[in-house]
Amino acid sequence: MAEASTGHENLPAIEVQDDDYEDYDDSGSDYASGTASDTTSLSSSITRYQYENGRRYHAYKEGTYAFPNDEAEQDRLDLYHHIWRLRFGGALYLAPLDKGIHKALDIGTGTGIWATDFADEFESAEVIGTDISPIQPRWVPPNVKFEVDDCEAQWTFPKNSFDFIHGRNLGGSISDWPKLFDQIYKHLAPGGIVEMKDINTNFFSDDNSLKPDDPISEWQDNCNTAAERIGRLIAAGPLLKSHLTLAGFEDVTETVVKTPLGMWPSDPKEKEIGMYMREMMVEGVDGLSIGLFTRILGWSPEKTLTFTAEVKKSFKNKRNHIYTNWYVVHARKPLTKAPATAVPGPSVVSAPVTAPAAGPSGTTELTPAATSTE
């Protein structure tokens, strides 16, 4: 059995710049500001969204997902996609994919931006993106389509039909991870590849600049408590490797990287990533909190938004040298039936990275970012 990660990996520290660095103006965002066919008909009940505390939520299987799907949230998700690509040198995936793949699935596709970019890269492949919210664009490459579907329901796709299945940031959405990975296993073709990406939602600081009584610490504790009460773990990243191994996949490879929040790193690339991360969290913390805190913890909307205002101030505090760990785990479905006891593959624990490259053994090697001497 694979040993579960603690979520606070022994990764090299990110070098901190002096506190007098020039910060960005966060008074506004550069990221301020359809549907396709689906397995469930796009009836008015699906597109008649639910509104609560000034935010818009999905109507299909109402209440199963605690986060909004309105334009502000879509902007956050698209910015998140940009950060993921920056983090891995522009790469959409780390798995050793064959350029001749024919069919790919993106579960929990959100705005569909990953599926669309993937379809552009693999023009000969059929790419399907599924989500419970029909918020994807109408104008997409001809080889991509979106379907309104719940990845936790029984899949209707033919078994053994996908060459590649991808999922990213599903933490907080899934109540039964073993069932999800069992369905992924059954619907991948023999030799097909799965890649899952997620984070540890807890923030850390190597220099103890983040204190236990900081609003950020209290916020993440409250988020985790609410998620545990509804059985939908948010901090899913550290458990992905174990789940894939237990599901019977082989060549399970885990990559873990630190991702800073704020412009405190001395390395220019890390500083850029940290800037975007802070922008995303400052703009997104209200939407990430309001559903969980009011529905599950019993907070009033006013109390929630007063609290998240303090969290935003803490995110903007340049003396908080905080980061979170991001996890990318890919694995292969055996060509023949998996043995009764699967052996976990290697873990790739890395410093901040620039660009991924295919390693000689089919795993992914990461090039550490240069450390600035500023």
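Because the structure is predicted, anything quoted here is derived from the model rather than measured.

Procedures and definitions
- Residues numbered from 1 in each chain as written.
- Predicted model: local features only at pLDDT ≥ 70, side-chain atom pairs only at ≥ 80, totals over all residues.
- Heavy atoms only, no water.
- Helix = DSSP H or I, 4+ residues; strand = E, 2+ residues; numbered from the N terminus.
- Buried < 20%, exposed > 50% of the residue type's maximum accessible area, 1.4 Å probe, protein only.
- Areas by Shrake-Rupley, 256 points an atom, 1.4 Å probe, with all protein chains shown as cover.
- Contact = heavy atoms within 4.5 Å.
- Polar contact = N/O pair within 3.5 Å; in protein donor to acceptor, adjacent residues only side chain to side chain.
- Salt bridge = Lys/Arg side-chain N within 4 Å of Asp/Glu carboxyl O.
- Phe/Tyr/Trp six-rings, centres within 6.5 Å; stacked < 30°, edge-to-face > 60°.
- Expected span 1.5 Å × (residues − 1).
- Arc of directions from axis to C-beta.
- Lys, Arg positive; Asp, Glu negative; His and termini not counted.
- Axes fitted to C-alpha atoms, helices over the stretch in contact; angles between N-to-C directions.
- Parallel < 35°, antiparallel > 145°, perpendicular 65-115°, else oblique.
- Left-handed = near helix turned anticlockwise from the far one by under 90°.
- Nonpolar A, V, L, I, M, F, W, Y, C, P; charged D, E, K, R; others polar.
- Core = buried A, V, L, I, M, F, W, Y, C linked by side-chain atoms within 4.5 Å.

Draft legend 1. Representation of the overall build of the protein chain in the model. Tallying secondary structure elements over the protein chain gives eight helices and twelve strands in all. Each of the 374 residues in the protein chain was classed as buried or not, and the buried ones make up 57%. As displayed, the protein chain offers around 15900 Å² of accessible surface, 50% of which is attributable to carbon and sulfur atoms.

Draft legend 2. Region of interest: helix α4 (residues 177-187). Inspection of α4 places W177, L180, F181, Q183, I184, Y185 and H187 among the buried residues, and these make up the whole buried set. Buried residues in α4 make contact with β3 (103-107), β6 (162-168), β7 (188-199) and α6 (240-246). For α4, the N-terminal cap is D176; the gap from its side-chain oxygen to the backbone nitrogen of K179 is 3.1 Å.

Draft legend 3. Structural view of the pattern of salt bridges. Under the criterion given, the structure shown has 13 salt bridges. The salt bridge involving D286 is made with K312; its shortest N-O contact spans 2.9 Å. Placement of D286 in helix α7 (residues 268-296) and of K312 in helix α8 (residues 301-316) is noted, with a sequence separation of 26 residues between them. A salt bridge links K313 to E310; its shortest N-O distance comes to 3.4 Å. Within this pair, K313 and its partner E310 are both found in helix α8, separated by three residues, close to a single helical turn.

Draft legend 4. Region of the structure containing the packing of aromatic side chains. Summed over the entire model, instances satisfying the criterion amount to 21 aromatic pairs. Aromatic side chains W155 and F157 sit 6.3 Å apart centroid to centroid with 90° between the ring planes, which places their arrangement in the edge-to-face category. With a relative accessible area of 8%, W155 lands in the buried category. Judged by its relative accessible area of 11%, F157 falls in the buried class. Ring geometry for F157 versus F162: centroids 5.2 Å apart, planes at 85°, classification edge-to-face. Of the two residues examined, F157 and F162, each falls in the buried class. An aromatic cluster is present here, built from Y93, W114, F118, F122 and F164 joined pairwise through their rings.

Draft legend 5. Up close: α8. In this model, α8 (16 residues) spans 23 Å end to end at C-alpha, consistent with the 22 Å of a helix rising 1.5 Å per residue. Every buried residue of α8 is listed here: T304, F307, T308, V311, S314 and F315. All buried residues of α8 project into a common sector of 105° when viewed along the axis, lining one side. Residues E302, T306 and K313 are exposed on α8 and point more than 90 degrees away from its buried face. Among the structural elements, α5 (215-229), β8 (250-261), α7 and β9 (322-332) are those in contact with the buried residues of α8.

Draft legend 6. How the structure looks around the environment of I216. The topology assignment puts I216 in helix α5. Between the C-alpha atom of I216 and that of S314, which follows or precedes it by 98 residues, the distance is 6.6 Å. Beyond its immediate sequence surroundings of up to four residues, I216 is in contact with F203, L210, V311, S314, F315, N320 and I322.

Draft legend 7. How the structure looks around the side chain of D106. For D106, the position within the fold is in strand β3. It turns out D106 is buried and unbridged, and the closest side chain with the opposite charge, R168, is 6.8 Å from it. Looking at D106, its side chain comes within polar contact range of the side chain of T109, at 2.8 Å.

Draft legend 8. Spatial organisation of the packing of α5 against α8. Closest axis-to-axis distance for the α5/α8 pair is 8 Å, and the angle between their directions is 125°. Classified by the angle between their axes, α5 and α8 sit oblique to one another. Considering how the two elements wind past one another, α5 and α8 form a crossing that is left-handed. Mapping the contact onto sequence places P215, I216, E218, W219 and N222 in α5 and F307, E310, V311, S314 and F315 in α8. Split into classes, the residues belonging to the contact of α5 with α8 amount to six nonpolar, two polar and two charged.

Draft legend 9. Fine view of the nonpolar core. Counting residues in hydrophobic clusters, the biggest one holds 39 residues, and the most contacted among them are I83, F203, W219, M281, F293, F315 and W326. Among the elements of the structure, α2 (71-87), α5, β8, α7, α8 and β9 are those that each provide at least two residues to this core. When residues in this core are grouped by element, the largest group, eleven residues, is from α7. The contact partners of F203, leaving out residues within four places of it in the chain, are L210, I216, W219, Q220, L261, M281, F315, I322, Y323 and T324.

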